[in-house]
Amino acid sequence: MDATAGAGKDLVFIVGRQRSGTTVFRRLLVQAGALDCDEIFHGNLGRPNRFFAYVAARAETDRALIHPQNHMQLFRDFIAKLRREADGAVLAMDVKYFGLNLIPAREDVEGKRPFMVQYMAKNRAHVVHIVRRNKLRVHVSEEMSKTTGRWSAGQTRHLPQHKPRLTLDIGATLRMVGKLEALDQRVGRQLASLPGLARLDYEAMFRSDGLFSDRTVEIASAFMGGAELVRTPSNLRMNPEPLDALIENFSAVRAAFENTPHRWMLEEEAAAD
């Protein structure tokens, strides 16, 4: 185990794709006292607790640190810095799928077990893999966010004032659904052997009244040492409408999905984004 890593009980990695519920789960932990480490590999360096902002700051005194061969050690230093700031609190770190591969393992040229997965295993960190099974909903949610410029909302005034109906490219949508399912499977295989892994489906994160489900609270509370948690999500629903209210050419989408294994995605009730 890394000398800077401790027992790993204070490390929580929330792994998932965009629009999968990682943010709302992270904020659930933060409400219970975790340090909000944000999406640690996000490209916007203007917010605190992001890895590449840390790399940039370190590189001001040593330009050689920009090179990816140094990023494994820099990541360990980054975690040590976060721990000093947390002063004993849990670190809640959002890692999107692409982030698993951003730090190269020096001897690995095939990418079968990224450095980040090795780090999680070696340090026996808590990991939750959040998967949104309805890939059509993922795709619609992402396209709507691109269209409106709104990715999340904590208050009603932050919701889009105007929400146009989307016209989806049928072929591109079917390909995207297949791609997203393949990504889930690939990441699932990489994470499967982790000692601290929990799996959570987005569709099971919330009760019918919109509050967090027992399963969600159970996982989060275990990560937080048994802390009592708030069941009310901090994010509002971005796209709670039925799919036919969000998609202009819904009849064409329905026809394309009708004889595929993905047909069920058309019928599922709306869930919180």
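No experiment lies behind these values; they were computed from the predicted model shown. (Residues numbered from 1 in each chain as written. Predicted model: local features only at pLDDT ≥ 70, side-chain atom pairs only at ≥ 80, totals over all residues. Heavy atoms only, no water.)

**Side note on the confidence of the model for the chain**
- Looking at the chain as a whole, its pLDDT mean stands at 88, while 88% of the residues score no less than 70.
- When pLDDT is averaged over each helix and strand of the chain, the minimum, 89, is found for helix H5 (residues 135-148) and the maximum, 98, for strand E1 (residues 11-16). (pLDDT = per-residue confidence, 0-100. Helix = DSSP H or I, 4+ residues; strand = E, 2+ residues; numbered from the N terminus.)

**What to know about the packing of helix H2 (residues 51-59) against helix H3 (residues 71-86)**
- Relative orientation of the contacting elements H2 and H3 amounts to 105 degrees, with a least axis distance of 10 Å. If you check the angle between H2 and H3, you find them roughly perpendicular. Residue-level contacts link Phe-51, Phe-52, Tyr-54, Val-55 and Arg-58 of H2 to His-71, Leu-74, Phe-75, Asp-77, Phe-78 and Lys-81 of H3. (Axes fitted to C-alpha atoms, helices over the stretch in contact; angles between N-to-C directions. Parallel < 35°, antiparallel > 145°, perpendicular 65-115°, else oblique. Contact = heavy atoms within 4.5 Å.)

**Quick word on the packing of aromatic side chains**
- Evaluation of the coordinates by the stated rule reveals 15 aromatic pairs.
- An angle of 75 degrees between the planes, with centres 6.3 Å apart, marks the rings of Phe-25 and Phe-223 as edge-to-face. Taken as a pair, Phe-25 in helix H1 (residues 22-31) and Phe-223 in helix H7 (residues 214-223) lie far apart in primary sequence, 198 residues in all. Taken as a pair, Phe-25 and Phe-223 share a single burial class, namely buried.
- The structure contains a cluster of three or more aromatic residues connected by ring pairs, namely Phe-13, Phe-41, Phe-51, Phe-52, Tyr-54, Phe-75, Phe-78, Phe-115 and Tyr-119. (Phe/Tyr/Trp six-rings, centres within 6.5 Å; stacked < 30°, edge-to-face > 60°. Buried < 20%, exposed > 50% of the residue type's maximum accessible area, 1.4 Å probe, protein only.)

**A few points about the pairing of strand E3 (residues 91-96)**
- In terms of residue burial, E3 counts as a mostly covered element, since six of its six residues are buried.
- Relative to E3, E1 is paired through six bridges, and the arrangement is parallel. Considered in E3, the bridge of Phe-13 is made with Met-93.
- Bridge count for strand E2 (residues 35-39) against E3 is three bridges, and the pairing is parallel. (Pairing = 2+ DSSP bridges.)

**Details of the packing of H3 against helix H4 (residues 115-122)**
- Contact pair H3 / H4: the axes reach a minimum separation of 11 Å and the direction vectors enclose 45 degrees. Classed by the angle they form, the pair H3 and H4 counts as oblique. Between H3 and H4 lies a crossing whose hand is right-handed. On H4, the residues touching Met-72, Phe-75, Arg-76 and Ile-79 of H3 are Phe-115, Met-116 and Tyr-119.
- Across the contact of H3 with H4, the residue classes tally to six nonpolar, no polar and one charged. (Left-handed = near helix turned anticlockwise from the far one by under 90°. Nonpolar A, V, L, I, M, F, W, Y, C, P; charged D, E, K, R; others polar.)

**Section: the sheet that holds E2**
- Strands sit in the order E2-E3-E1-E4-E5 across an open sheet of five strands; the sheet is parallel. Taken across any chain shown, the strands that pair with only one partner, and hence form the sheet edges, are E2 and strand E5 (197-201). If you compare each strand with its neighbour and ignore which way they point, the axes differ by 20 degrees on average.
- Across the sheet, H4 touches E1 and strand E4 (126-131), and the angle it forms with E1 is around 140 degrees.

**Examining helix H6 (residues 170-191)**
- Between its first and last C-alpha, H6 extends 32 Å over 22 residues, near the 32 Å set by a 1.5 Å rise per residue.
- Those residues of H6 hidden inside the fold are in contact with E1, H4, E4, H5, E5 and helix H9 (250-257).
- By the N-cap criterion, in which a side-chain oxygen at the helix start approaches the backbone nitrogen of a residue two or three places on, H6 is capped by Asp-169, the distance to Gly-171 being 3.2 Å. (Expected span 1.5 Å × (residues − 1). Polar contact = N/O pair within 3.5 Å; in protein donor to acceptor, adjacent residues only side chain to side chain.)

**A short note on the nonpolar core**
- Residues Phe-13, Val-15 and Phe-75 are the most contacted members of the largest nonpolar core, which totals 38 residues.
- Mapped onto this core, the elements with two or more residues apiece are E1, E2, H2, H3, E3, H4, E4 and H6.
- Tallying contributions element by element places H3 first for this core, with seven residues. (Core = buried A, V, L, I, M, F, W, Y, C linked by side-chain atoms within 4.5 Å.)

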